[in-house]
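# Results of the structural survey
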Amino acid sequence: MKKESVGSVETKFFNMDKDLKLESGKVLKDVTIAYETYGKLNKEKNNAILVCHALSGDAHAAGWHDEDRKPGWWEILIGPGKALDSEKYFIISSNILGGCSGSTGPSSINPATGKTYNLDFPVITIKDMVKAQKKLVENLNIDKLLAVVGGSMGGMQVLQWIVSYPDMVKKAIPIATTAHSSPQQIAFNEVGRQAIITDPHWNDGDYYDKEIGPRNGLALARMIAHITYLSDESMYEKFGRDLKDKKEVSYDFSMDFQVESYLHYQGDAFVKRFDANSYLYITKAIDYFDLSSNGSLIEGFRNIKSKVQIIAIDSDWLYPPDQLKDVLMALNANNVDVSYAELKSTYGHDAFLLEGGQLNYVVANFLTNTLAEDLMDENVSAIKKDMELKDVAMLMMADYVTHLPVVDEDNRLLGIVTAWDLSKSIALNCSSLDEIMTKNVITCKSDETIDSISRKMRENDISCLPVVDDDFKVEGIITTDQISHLLSD
Ligand SMILES: CC(=O)SCCNC(=O)CCNC(=O)[C@H](O)C(C)(C)COP(=O)(O)OP(=O)(O)OC[C@H]1O[C@@H](n2cnc3c(N)ncnc32)[C@H](O)[C@@H]1OP(=O)(O)O
Ligand SMILES: N[C@@H](CCO)C(=O)O
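Residues numbered from 1 in each chain as written. Chains lettered and ligands numbered in written order. Predicted model: local features only at pLDDT ≥ 70, side-chain atom pairs only at ≥ 80, totals over all residues. Heavy atoms only, no water.

Here we take up the sheet that holds strand β5 (residues 48-52). Taken together, the eight strands give an open sheet; going across it, the order is β1-β4-β6-β5-β9-β10-β11-β12, and neighbouring strands pair in mixed fashion. In this open sheet, the two edge strands, each paired with only one partner strand, are β1 (12-15) and β12 (338-343). Here the strands of the sheet are splayed against their neighbours by 20° on average, with no regard to which way each runs. Relative to strand β4 (residues 32-38), β1 runs antiparallel, the two being bridged by four bridges. Directly across from Phe-13, in β4, lies its bridge partner Ala-34. Taken strand by strand, helix α2 (residues 153-164) contacts β5, β9 (145-151), β10 (169-175) and β11 (307-313), and its axis lies near 145° from that of β9. (Pairing = 2+ DSSP bridges. Helix = DSSP H or I, 4+ residues; strand = E, 2+ residues; numbered from the N terminus. Axes fitted to C-alpha atoms, helices over the stretch in contact; angles between N-to-C directions. Contact = heavy atoms within 4.5 Å.)

As a further point, take the environment of Ser-345. Among the secondary structure elements, Ser-345 is positioned in the loop between β12 and α10 (356-368). Residues Ser-345 and Gly-357, spaced 12 residues apart in sequence, show a C-alpha to C-alpha distance of 11 Å. Apart from residues lying up to four places away in sequence, Ser-345 is in contact with Ile-313, Asp-314, Ser-315, Ala-351 and Glu-355. At 2.6 Å, the side chain of Ser-345 forms a polar contact with the side chain of Glu-355. (Polar contact = N/O pair within 3.5 Å; in protein donor to acceptor, adjacent residues only side chain to side chain.)

Under the feature "binding site: substrate" (unreviewed entry), the UniProt entry names Arg-222 and Asp-350. What stands out for the annotated residues spanning 129 residues is how close their C-alpha atoms remain, the widest pair being 13.7 Å apart. Arg-222 has contacts with Ser-56, Tyr-229, Gln-266, Gly-267, Phe-270 and Arg-273, leaving out every residue within four places of it along the chain. You can see Asp-350 is positioned in the loop between β12 and α10. Once residues lying within four places of it in the same chain are set aside, the contact partners of Asp-350 are His-226 and Tyr-229. (UniProt positions renumbered as here; feature names shortened; annotations may be inferred.)

Structure, rendered in C-alpha coordinates:
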(Lines give C-alpha, C1' and ligand atoms only; values in the text may rest on other atoms or scores of the structure.)
(Ligands and ions follow the chains in the order given, each with its own letter.)
Protein backbone atom coordinates (compact mmCIF):
# COMPACT_ATOMS: atom_id res chain seq x y z
CA MET A 1 0.00 0.00 0.00
CA LYS A 2 1.24 3.47 -0.85
CA LYS A 3 2.47 5.49 2.13
CA GLU A 4 0.66 8.76 2.46
CA SER A 5 0.26 11.69 4.83
CA VAL A 6 -2.73 12.24 7.09
CA GLY A 7 -2.86 15.66 5.37
CA SER A 8 -4.18 18.76 7.03
CA VAL A 9 -4.56 18.46 10.82
CA GLU A 10 -5.28 20.69 13.76
CA THR A 11 -4.40 20.73 17.44
CA LYS A 12 -7.28 20.34 19.89
CA PHE A 13 -7.42 21.12 23.60
CA PHE A 14 -8.72 19.08 26.52
CA ASN A 15 -9.51 21.08 29.65
CA MET A 16 -9.64 18.96 32.79
CA ASP A 17 -12.67 19.67 34.93
CA LYS A 18 -10.99 18.21 38.01
CA ASP A 19 -7.71 19.11 39.72
CA LEU A 20 -4.65 17.04 38.89
CA LYS A 21 -2.87 15.67 41.94
CA LEU A 22 0.84 15.32 41.26
CA GLU A 23 3.35 12.74 42.50
CA SER A 24 4.89 15.45 44.70
CA GLY A 25 1.55 15.87 46.47
CA LYS A 26 0.97 19.29 44.89
CA VAL A 27 -2.19 19.97 42.93
CA LEU A 28 -2.61 21.64 39.55
CA LYS A 29 -5.89 23.34 38.72
CA ASP A 30 -7.41 24.02 35.30
CA VAL A 31 -5.00 21.77 33.42
CA THR A 32 -5.14 21.87 29.62
CA ILE A 33 -3.66 19.17 27.42
CA ALA A 34 -3.07 19.93 23.73
CA TYR A 35 -3.58 16.93 21.46
CA GLU A 36 -4.07 15.78 17.91
CA THR A 37 -5.79 12.69 16.58
CA TYR A 38 -5.42 10.89 13.28
CA GLY A 39 -7.83 8.27 11.96
CA LYS A 40 -11.16 7.17 13.45
CA LEU A 41 -12.01 5.43 16.70
CA ASN A 42 -13.90 2.25 15.78
CA LYS A 43 -17.22 1.14 17.24
CA GLU A 44 -15.55 -1.26 19.68
CA LYS A 45 -13.09 1.48 20.73
CA ASN A 46 -10.22 -0.99 20.52
CA ASN A 47 -8.03 0.59 17.85
CA ALA A 48 -6.59 3.55 19.79
CA ILE A 49 -2.83 4.09 19.84
CA LEU A 50 -1.22 6.74 22.00
CA VAL A 51 1.98 8.33 20.72
CA CYS A 52 4.27 9.94 23.33
CA HIS A 53 6.79 12.59 22.35
CA ALA A 54 10.38 13.18 23.40
CA LEU A 55 11.85 16.15 25.26
CA SER A 56 11.16 18.88 22.74
CA GLY A 57 8.27 17.37 20.79
CA ASP A 58 4.65 18.43 20.76
CA ALA A 59 1.19 17.17 19.90
CA HIS A 60 1.78 17.69 16.18
CA ALA A 61 3.15 14.26 15.32
CA ALA A 62 1.87 13.91 11.76
CA GLY A 63 0.31 15.77 8.86
CA TRP A 64 0.41 19.45 8.14
CA HIS A 65 -0.73 22.63 9.84
CA ASP A 66 -1.43 25.55 7.51
CA GLU A 67 1.77 27.35 8.47
CA ASP A 68 4.04 24.25 8.38
CA ARG A 69 7.34 24.18 6.52
CA LYS A 70 7.76 20.55 7.61
CA PRO A 71 5.15 17.95 8.62
CA GLY A 72 4.64 16.63 12.18
CA TRP A 73 7.67 15.09 13.89
CA TRP A 74 6.74 11.42 13.28
CA GLU A 75 5.49 11.73 9.71
CA ILE A 76 7.74 8.78 8.81
CA LEU A 77 5.64 6.45 10.97
CA ILE A 78 2.10 7.87 11.02
CA GLY A 79 -0.31 7.94 8.09
CA PRO A 80 -2.14 5.71 5.61
CA GLY A 81 -0.01 2.70 4.68
CA LYS A 82 2.54 3.33 7.46
CA ALA A 83 3.02 1.30 10.64
CA LEU A 84 0.78 3.68 12.60
CA ASP A 85 -1.82 3.48 9.88
CA SER A 86 -4.49 6.14 10.28
CA GLU A 87 -6.84 4.07 8.09
CA LYS A 88 -6.73 1.30 10.69
CA TYR A 89 -5.95 2.96 13.99
CA PHE A 90 -7.11 5.97 15.97
CA ILE A 91 -3.86 7.70 16.83
CA ILE A 92 -3.66 10.17 19.70
CA SER A 93 -0.66 12.41 20.29
CA SER A 94 -0.60 14.93 23.14
CA ASN A 95 1.79 17.59 24.33
CA ILE A 96 3.14 16.66 27.75
CA LEU A 97 2.18 18.33 31.00
CA GLY A 98 4.93 20.90 31.65
CA GLY A 99 5.40 21.51 27.93
CA CYS A 100 5.16 24.76 26.01
CA SER A 101 3.08 23.80 22.98
CA GLY A 102 -0.46 24.14 24.26
CA SER A 103 -0.44 21.99 27.40
CA THR A 104 -0.23 23.50 30.87
CA GLY A 105 3.35 24.33 31.82
CA PRO A 106 5.41 27.05 33.50
CA SER A 107 4.51 29.59 30.79
CA SER A 108 0.76 29.09 31.39
CA ILE A 109 -1.38 31.36 33.50
CA ASN A 110 -1.57 30.33 37.14
CA PRO A 111 -5.30 30.53 37.99
CA ALA A 112 -4.39 31.50 41.58
CA THR A 113 -2.54 34.69 40.54
CA GLY A 114 -3.69 35.48 37.01
CA LYS A 115 0.00 35.64 36.03
CA THR A 116 2.32 33.14 34.39
CA TYR A 117 3.45 30.36 36.73
CA ASN A 118 7.20 30.82 36.15
CA LEU A 119 8.89 28.88 38.99
CA ASP A 120 5.61 28.59 40.91
CA PHE A 121 4.85 25.77 38.54
CA PRO A 122 5.25 22.55 40.54
CA VAL A 123 7.97 20.09 39.65
CA ILE A 124 6.37 17.34 37.60
CA THR A 125 7.36 13.76 36.86
CA ILE A 126 6.95 11.34 33.98
CA LYS A 127 4.26 9.68 36.10
CA ASP A 128 2.36 12.98 36.24
CA MET A 129 2.64 13.40 32.46
CA VAL A 130 1.17 9.93 32.00
CA LYS A 131 -1.57 10.58 34.55
CA ALA A 132 -2.61 13.63 32.52
CA GLN A 133 -2.57 11.55 29.31
CA LYS A 134 -4.78 8.96 30.99
CA LYS A 135 -7.35 11.65 31.75
CA LEU A 136 -7.28 12.67 28.10
CA VAL A 137 -7.70 9.06 26.95
CA GLU A 138 -10.64 8.58 29.33
CA ASN A 139 -12.17 11.81 28.11
CA LEU A 140 -12.08 10.32 24.60
CA ASN A 141 -14.15 7.41 26.01
CA ILE A 142 -11.38 4.88 25.58
CA ASP A 143 -11.01 2.22 28.29
CA LYS A 144 -8.07 0.41 26.82
CA LEU A 145 -5.33 1.45 24.41
CA LEU A 146 -4.31 -0.96 21.69
CA ALA A 147 -0.78 0.42 22.00
CA VAL A 148 1.39 3.14 23.48
CA VAL A 149 4.51 4.07 21.55
CA GLY A 150 7.26 6.64 21.89
CA GLY A 151 10.99 7.31 21.71
CA SER A 152 13.42 8.79 24.22
CA MET A 153 11.37 10.54 26.92
CA GLY A 154 8.36 9.26 24.96
CA GLY A 155 9.67 5.75 25.67
CA MET A 156 9.83 6.57 29.38
CA GLN A 157 6.15 7.51 29.21
CA VAL A 158 5.43 4.20 27.47
CA LEU A 159 7.12 2.25 30.28
CA GLN A 160 5.40 4.40 32.90
CA TRP A 161 2.02 3.69 31.27
CA ILE A 162 2.40 -0.08 31.56
CA VAL A 163 3.61 0.20 35.14
CA SER A 164 0.97 2.72 36.29
CA TYR A 165 -1.99 1.39 34.30
CA PRO A 166 -1.31 -2.28 33.49
CA ASP A 167 -4.91 -2.97 32.49
CA MET A 168 -5.17 -0.08 30.07
CA VAL A 169 -2.48 -0.96 27.53
CA LYS A 170 -2.37 -4.04 25.31
CA LYS A 171 0.91 -3.36 23.55
CA ALA A 172 3.83 -1.11 24.40
CA ILE A 173 6.69 0.06 22.19
CA PRO A 174 9.44 1.87 24.12
CA ILE A 175 12.16 3.14 21.76
CA ALA A 176 15.68 4.49 22.45
CA THR A 177 14.96 4.94 26.12
CA THR A 178 15.63 3.67 29.62
CA ALA A 179 13.79 2.59 32.77
CA HIS A 180 15.91 4.93 34.91
CA SER A 181 18.05 7.92 34.03
CA SER A 182 21.75 7.19 34.36
CA PRO A 183 24.25 9.53 36.05
CA GLN A 184 25.55 10.48 32.59
CA GLN A 185 22.06 11.40 31.38
CA ILE A 186 21.41 13.43 34.54
CA ALA A 187 24.81 15.11 34.11
CA PHE A 188 24.06 16.30 30.57
CA ASN A 189 20.68 17.60 31.69
CA GLU A 190 22.25 19.51 34.58
CA VAL A 191 24.78 21.19 32.28
CA GLY A 192 21.89 22.27 30.06
CA ARG A 193 19.94 23.59 33.03
CA GLN A 194 22.96 25.52 34.30
CA ALA A 195 23.36 27.12 30.86
CA ILE A 196 19.81 28.49 31.26
CA ILE A 197 19.96 29.36 34.94
CA THR A 198 23.24 31.27 34.61
CA ASP A 199 21.91 33.35 31.73
CA PRO A 200 21.12 36.73 33.39
CA HIS A 201 18.01 37.03 31.22
CA TRP A 202 16.57 33.94 32.87
CA ASN A 203 15.84 36.19 35.88
CA ASP A 204 14.81 33.36 38.24
CA GLY A 205 12.36 32.14 35.64
CA ASP A 206 10.52 35.46 35.45
CA TYR A 207 11.06 36.62 31.84
CA TYR A 208 7.84 36.09 29.88
CA ASP A 209 6.96 39.79 29.89
CA LYS A 210 10.56 40.95 29.36
CA GLU A 211 11.97 42.00 26.03
CA ILE A 212 14.69 39.37 26.17
CA GLY A 213 14.49 35.91 27.71
CA PRO A 214 17.34 33.48 28.37
CA ARG A 215 17.95 32.92 24.66
CA ASN A 216 21.68 32.33 24.93
CA GLY A 217 21.29 29.90 27.81
CA LEU A 218 18.56 27.92 26.08
CA ALA A 219 20.48 27.82 22.79
CA LEU A 220 23.59 26.61 24.62
CA ALA A 221 21.57 23.94 26.45
CA ARG A 222 20.24 22.70 23.11
CA MET A 223 23.66 22.74 21.47
CA ILE A 224 25.07 20.51 24.20
CA ALA A 225 22.05 18.22 24.14
CA HIS A 226 22.00 18.03 20.35
CA ILE A 227 25.52 16.59 20.32
CA THR A 228 24.19 13.72 22.43
CA TYR A 229 21.45 13.05 19.86
CA LEU A 230 23.98 12.42 17.09
CA SER A 231 26.85 9.95 16.72
CA ASP A 232 30.49 10.62 16.02
CA GLU A 233 30.04 8.78 12.73
CA SER A 234 27.02 10.82 11.64
CA MET A 235 28.88 14.04 12.49
CA TYR A 236 31.74 12.87 10.28
CA GLU A 237 29.27 11.99 7.54
CA LYS A 238 27.51 15.36 7.77
CA PHE A 239 30.45 17.71 8.26
CA GLY A 240 33.82 15.99 8.31
CA ARG A 241 36.30 18.75 9.19
CA ASP A 242 34.77 21.08 6.60
CA LEU A 243 35.20 24.79 7.18
CA LYS A 244 32.36 27.28 7.13
CA ASP A 245 32.66 29.89 4.37
CA LYS A 246 36.46 29.92 4.49
CA LYS A 247 39.36 28.06 2.98
CA GLU A 248 41.64 28.11 6.02
CA VAL A 249 41.19 28.25 9.75
CA SER A 250 41.18 31.81 11.02
CA TYR A 251 43.35 31.57 14.15
CA ASP A 252 40.77 33.45 16.23
CA PHE A 253 37.55 32.57 17.96
CA SER A 254 35.23 33.16 15.06
CA MET A 255 33.39 30.24 13.54
CA ASP A 256 35.72 27.91 11.65
CA PHE A 257 33.95 24.59 11.19
CA GLN A 258 30.65 23.57 9.60
CA VAL A 259 29.78 21.57 12.70
CA GLU A 260 29.98 24.77 14.76
CA SER A 261 27.66 26.50 12.33
CA TYR A 262 25.26 23.56 12.48
CA LEU A 263 25.15 23.56 16.28
CA HIS A 264 24.55 27.31 16.40
CA TYR A 265 21.76 26.86 13.87
CA GLN A 266 20.18 24.10 15.97
CA GLY A 267 20.49 26.24 19.12
CA ASP A 268 18.91 29.29 17.49
CA ALA A 269 16.13 27.25 15.88
CA PHE A 270 15.32 25.76 19.28
CA VAL A 271 14.96 29.14 20.97
CA LYS A 272 12.27 30.05 18.42
CA ARG A 273 10.12 27.06 19.34
CA PHE A 274 10.84 26.23 22.97
CA ASP A 275 10.53 27.74 26.43
CA ALA A 276 13.52 27.76 28.80
CA ASN A 277 11.47 27.10 31.95
CA SER A 278 9.76 24.12 30.28
CA TYR A 279 13.24 22.84 29.46
CA LEU A 280 14.18 23.00 33.15
CA TYR A 281 11.03 21.21 34.31
CA ILE A 282 11.09 18.52 31.64
CA THR A 283 14.77 17.66 32.11
CA LYS A 284 14.11 17.40 35.87
CA ALA A 285 11.26 14.97 35.17
CA ILE A 286 13.65 12.89 33.05
CA ASP A 287 16.28 12.92 35.82
CA TYR A 288 13.77 11.72 38.43
CA PHE A 289 12.57 8.90 36.20
CA ASP A 290 13.25 5.56 37.83
CA LEU A 291 10.88 2.62 37.53
CA SER A 292 12.83 0.35 39.83
CA SER A 293 11.26 -0.42 43.15
CA ASN A 294 13.59 -0.75 46.15
CA GLY A 295 16.46 -0.70 43.66
CA SER A 296 15.04 -3.59 41.63
CA LEU A 297 13.71 -3.20 38.11
CA ILE A 298 12.30 -6.71 38.28
CA GLU A 299 10.26 -5.60 41.28
CA GLY A 300 9.25 -2.37 39.53
CA PHE A 301 7.90 -4.33 36.55
CA ARG A 302 6.01 -6.85 38.68
CA ASN A 303 2.49 -5.90 37.58
CA ILE A 304 3.04 -5.39 33.85
CA LYS A 305 0.47 -7.17 31.67
CA SER A 306 1.09 -5.57 28.27
CA LYS A 307 3.04 -7.12 25.44
CA VAL A 308 6.21 -5.17 24.84
CA GLN A 309 8.34 -4.52 21.77
CA ILE A 310 11.59 -2.84 22.78
CA ILE A 311 13.46 -0.95 20.08
CA ALA A 312 17.06 0.13 20.69
CA ILE A 313 19.46 1.94 18.34
CA ASP A 314 22.95 0.53 17.95
CA SER A 315 24.65 3.96 17.65
CA ASP A 316 22.70 5.61 20.48
CA TRP A 317 25.24 6.48 23.17
CA LEU A 318 22.80 8.65 25.15
CA TYR A 319 20.32 5.82 25.74
CA PRO A 320 22.55 2.89 24.80
CA PRO A 321 21.14 -0.55 23.92
CA ASP A 322 22.49 -1.98 27.20
CA GLN A 323 19.96 0.03 29.15
CA LEU A 324 17.16 -1.45 27.06
CA LYS A 325 18.63 -4.92 27.48
CA ASP A 326 18.23 -4.37 31.24
CA VAL A 327 14.58 -3.56 30.57
CA LEU A 328 14.30 -6.73 28.47
CA MET A 329 15.79 -8.88 31.25
CA ALA A 330 13.57 -7.38 33.94
CA LEU A 331 10.48 -7.94 31.78
CA ASN A 332 11.58 -11.50 30.99
CA ALA A 333 12.02 -12.14 34.70
CA ASN A 334 8.37 -11.19 35.13
CA ASN A 335 7.24 -13.46 32.28
CA VAL A 336 6.12 -10.50 30.22
CA ASP A 337 5.68 -11.26 26.51
CA VAL A 338 8.56 -9.10 25.24
CA SER A 339 10.67 -8.83 22.08
CA TYR A 340 13.81 -6.82 21.44
CA ALA A 341 14.92 -5.22 18.18
CA GLU A 342 18.00 -3.10 17.52
CA LEU A 343 17.97 -0.62 14.66
CA LYS A 344 21.18 -0.44 12.67
CA SER A 345 21.87 3.22 12.14
CA THR A 346 24.67 5.74 12.11
CA TYR A 347 22.34 8.54 13.22
CA GLY A 348 22.71 8.00 16.97
CA HIS A 349 19.84 8.69 19.38
CA ASP A 350 17.80 10.76 16.89
CA ALA A 351 17.53 7.64 14.67
CA PHE A 352 14.08 7.12 16.22
CA LEU A 353 13.01 10.19 14.25
CA LEU A 354 14.79 9.26 11.05
CA GLU A 355 15.04 5.51 10.38
CA GLY A 356 11.64 5.19 8.72
CA GLY A 357 12.22 1.86 6.96
CA GLN A 358 13.39 -0.15 9.95
CA LEU A 359 10.97 1.51 12.38
CA ASN A 360 7.96 0.88 10.15
CA TYR A 361 9.00 -2.74 9.73
CA VAL A 362 9.37 -3.51 13.45
CA VAL A 363 6.36 -1.48 14.63
CA ALA A 364 4.03 -2.80 11.89
CA ASN A 365 5.00 -6.41 12.58
CA PHE A 366 4.40 -6.00 16.27
CA LEU A 367 1.04 -4.28 15.83
CA THR A 368 -0.37 -6.49 13.11
CA ASN A 369 0.49 -9.73 14.80
CA THR A 370 -2.88 -9.36 16.46
CA LEU A 371 -4.16 -12.09 18.76
CA ALA A 372 -7.65 -12.94 19.94
CA GLU A 373 -6.96 -11.29 23.29
CA ASP A 374 -6.17 -8.01 21.52
CA LEU A 375 -9.60 -7.86 19.95
CA MET A 376 -11.99 -9.98 21.99
CA ASP A 377 -14.89 -8.51 23.89
CA GLU A 378 -14.29 -9.45 27.51
CA ASN A 379 -17.64 -8.10 28.70
CA VAL A 380 -19.57 -10.97 27.21
CA SER A 381 -22.94 -11.87 28.77
CA ALA A 382 -22.72 -15.63 29.17
CA ILE A 383 -26.05 -17.28 29.95
CA LYS A 384 -27.15 -20.39 31.84
CA LYS A 385 -28.86 -23.34 30.15
CA ASP A 386 -32.16 -22.90 32.00
CA MET A 387 -32.73 -19.31 30.83
CA GLU A 388 -36.13 -18.70 29.22
CA LEU A 389 -35.94 -18.22 25.44
CA LYS A 390 -37.77 -14.92 25.72
CA ASP A 391 -35.17 -13.64 28.20
CA VAL A 392 -32.40 -14.78 25.86
CA ALA A 393 -34.00 -12.77 23.05
CA MET A 394 -34.36 -9.72 25.33
CA LEU A 395 -30.70 -9.97 26.36
CA MET A 396 -29.56 -10.14 22.74
CA MET A 397 -31.59 -7.04 21.95
CA ALA A 398 -30.30 -5.18 24.99
CA ASP A 399 -26.64 -6.05 24.27
CA TYR A 400 -26.96 -5.64 20.46
CA VAL A 401 -25.46 -9.10 19.95
CA THR A 402 -26.50 -12.07 17.87
CA HIS A 403 -24.48 -14.75 19.73
CA LEU A 404 -24.46 -15.72 23.40
CA PRO A 405 -22.30 -18.42 24.97
CA VAL A 406 -24.12 -20.83 27.29
CA VAL A 407 -22.09 -21.76 30.38
CA ASP A 408 -22.34 -23.92 33.51
CA GLU A 409 -21.94 -22.72 37.10
CA ASP A 410 -18.15 -22.56 36.67
CA ASN A 411 -18.35 -20.48 33.49
CA ARG A 412 -17.40 -23.53 31.37
CA LEU A 413 -18.74 -23.41 27.85
CA LEU A 414 -21.73 -25.72 27.16
CA GLY A 415 -22.89 -24.30 23.88
CA ILE A 416 -23.67 -21.21 21.88
CA VAL A 417 -27.03 -19.76 20.94
CA THR A 418 -27.58 -17.40 18.02
CA ALA A 419 -30.39 -15.13 16.88
CA TRP A 420 -30.96 -17.66 14.09
CA ASP A 421 -31.43 -20.42 16.73
CA LEU A 422 -34.11 -18.29 18.36
CA SER A 423 -35.98 -17.93 15.05
CA LYS A 424 -35.67 -21.68 14.66
CA SER A 425 -37.22 -22.19 18.11
CA ILE A 426 -40.32 -20.30 17.01
CA ALA A 427 -40.54 -22.12 13.68
CA LEU A 428 -40.06 -25.53 15.28
CA ASN A 429 -41.92 -24.74 18.46
CA CYS A 430 -39.01 -25.49 20.81
CA SER A 431 -39.20 -24.27 24.36
CA SER A 432 -35.75 -24.78 25.88
CA LEU A 433 -32.28 -23.52 25.15
CA ASP A 434 -30.93 -27.02 25.32
CA GLU A 435 -32.94 -27.95 22.20
CA ILE A 436 -31.71 -25.12 20.03
CA MET A 437 -28.16 -24.27 21.08
CA THR A 438 -25.13 -25.60 19.22
CA LYS A 439 -23.23 -27.94 21.50
CA ASN A 440 -20.14 -28.72 19.46
CA VAL A 441 -18.87 -25.20 19.58
CA ILE A 442 -15.83 -24.14 17.60
CA THR A 443 -13.71 -22.04 19.92
CA CYS A 444 -10.36 -20.27 19.98
CA LYS A 445 -7.70 -19.48 22.56
CA SER A 446 -6.75 -15.99 23.67
CA ASP A 447 -3.25 -16.34 22.17
CA GLU A 448 -4.52 -17.51 18.79
CA THR A 449 -3.70 -15.20 15.89
CA ILE A 450 -6.40 -13.33 14.05
CA ASP A 451 -5.25 -15.04 10.85
CA SER A 452 -5.98 -18.45 12.32
CA ILE A 453 -9.32 -17.29 13.75
CA SER A 454 -10.40 -15.74 10.43
CA ARG A 455 -9.54 -19.02 8.70
CA LYS A 456 -11.65 -21.01 11.20
CA MET A 457 -14.56 -18.63 10.71
CA ARG A 458 -14.32 -18.82 6.91
CA GLU A 459 -13.95 -22.60 6.78
CA ASN A 460 -16.91 -23.16 9.12
CA ASP A 461 -18.99 -20.27 7.81
CA ILE A 462 -19.44 -18.73 11.26
CA SER A 463 -19.20 -15.15 12.40
CA CYS A 464 -18.45 -15.55 16.09
CA LEU A 465 -16.07 -17.60 18.24
CA PRO A 466 -16.04 -17.87 22.01
CA VAL A 467 -12.54 -17.46 23.47
CA VAL A 468 -11.91 -20.16 26.10
CA ASP A 469 -9.06 -21.05 28.43
CA ASP A 470 -7.55 -24.53 28.97
CA ASP A 471 -10.48 -25.47 31.27
CA PHE A 472 -12.99 -24.40 28.62
CA LYS A 473 -13.98 -21.37 30.69
CA VAL A 474 -15.22 -18.44 28.62
CA GLU A 475 -12.83 -15.48 28.54
CA GLY A 476 -14.48 -13.46 25.80
CA ILE A 477 -16.03 -13.53 22.40
CA ILE A 478 -14.71 -12.52 19.01
CA THR A 479 -16.78 -11.62 15.97
CA THR A 480 -16.12 -10.98 12.28
CA ASP A 481 -17.18 -7.38 12.90
CA GLN A 482 -14.31 -6.83 15.33
CA ILE A 483 -11.85 -8.40 12.92
CA SER A 484 -13.03 -6.51 9.88
CA HIS A 485 -12.75 -3.21 11.72
CA LEU A 486 -9.12 -3.84 12.56
CA LEU A 487 -8.04 -5.49 9.38
CA SER A 488 -10.03 -3.32 7.03
CA ASP A 489 -6.96 -2.54 4.88
C1 LIG B 1 9.50 13.61 19.51
C2 LIG B 1 10.48 14.60 19.23
O3 LIG B 1 11.58 14.42 19.56
S4 LIG B 1 10.02 15.93 18.44
C5 LIG B 1 11.42 16.88 18.29
C6 LIG B 1 12.23 16.40 17.20
N7 LIG B 1 12.69 17.50 16.46
C8 LIG B 1 13.84 18.02 16.73
O9 LIG B 1 14.54 17.59 17.61
C10 LIG B 1 14.17 19.19 15.88
C11 LIG B 1 15.64 19.43 15.85
N12 LIG B 1 16.28 18.23 15.52
C13 LIG B 1 16.57 17.92 14.28
O14 LIG B 1 16.41 18.63 13.33
C15 LIG B 1 17.06 16.55 14.19
O16 LIG B 1 18.37 16.56 13.83
C17 LIG B 1 16.20 15.69 13.33
C18 LIG B 1 16.46 14.30 13.78
C19 LIG B 1 14.74 15.93 13.59
C20 LIG B 1 16.43 15.91 11.83
O21 LIG B 1 17.61 15.32 11.41
P22 LIG B 1 18.19 15.54 9.94
O23 LIG B 1 17.11 15.42 8.92
O24 LIG B 1 19.38 14.67 9.84
O25 LIG B 1 18.56 17.06 9.93
P26 LIG B 1 19.89 17.74 10.45
O27 LIG B 1 20.22 17.31 11.81
O28 LIG B 1 20.94 17.57 9.41
O29 LIG B 1 19.49 19.26 10.53
C30 LIG B 1 19.03 19.89 9.39
C31 LIG B 1 18.98 21.37 9.63
O32 LIG B 1 20.30 21.86 9.93
C33 LIG B 1 20.67 22.85 8.99
N34 LIG B 1 22.09 22.71 8.72
C35 LIG B 1 22.71 21.64 8.20
N36 LIG B 1 24.02 21.88 8.10
C37 LIG B 1 24.24 23.11 8.57
C38 LIG B 1 25.40 23.91 8.71
N39 LIG B 1 26.59 23.48 8.37
N40 LIG B 1 25.25 25.15 9.23
C41 LIG B 1 24.03 25.60 9.58
N42 LIG B 1 22.90 24.87 9.47
C43 LIG B 1 23.01 23.65 8.97
C44 LIG B 1 19.85 22.54 7.75
O45 LIG B 1 19.71 23.68 6.95
C46 LIG B 1 18.55 22.06 8.35
O47 LIG B 1 17.77 23.19 8.68
P48 LIG B 1 16.17 23.05 8.84
O49 LIG B 1 15.93 22.06 9.95
O50 LIG B 1 15.72 24.42 9.18
O51 LIG B 1 15.64 22.55 7.52
N1 LIG C 1 15.43 15.34 19.05
C2 LIG C 1 14.80 14.88 20.22
C3 LIG C 1 15.85 14.31 21.10
C4 LIG C 1 15.43 13.99 22.48
O5 LIG C 1 14.99 12.71 22.49
C6 LIG C 1 14.07 16.00 20.90
O7 LIG C 1 14.46 17.13 20.69
O8 LIG C 1 13.09 15.78 21.58
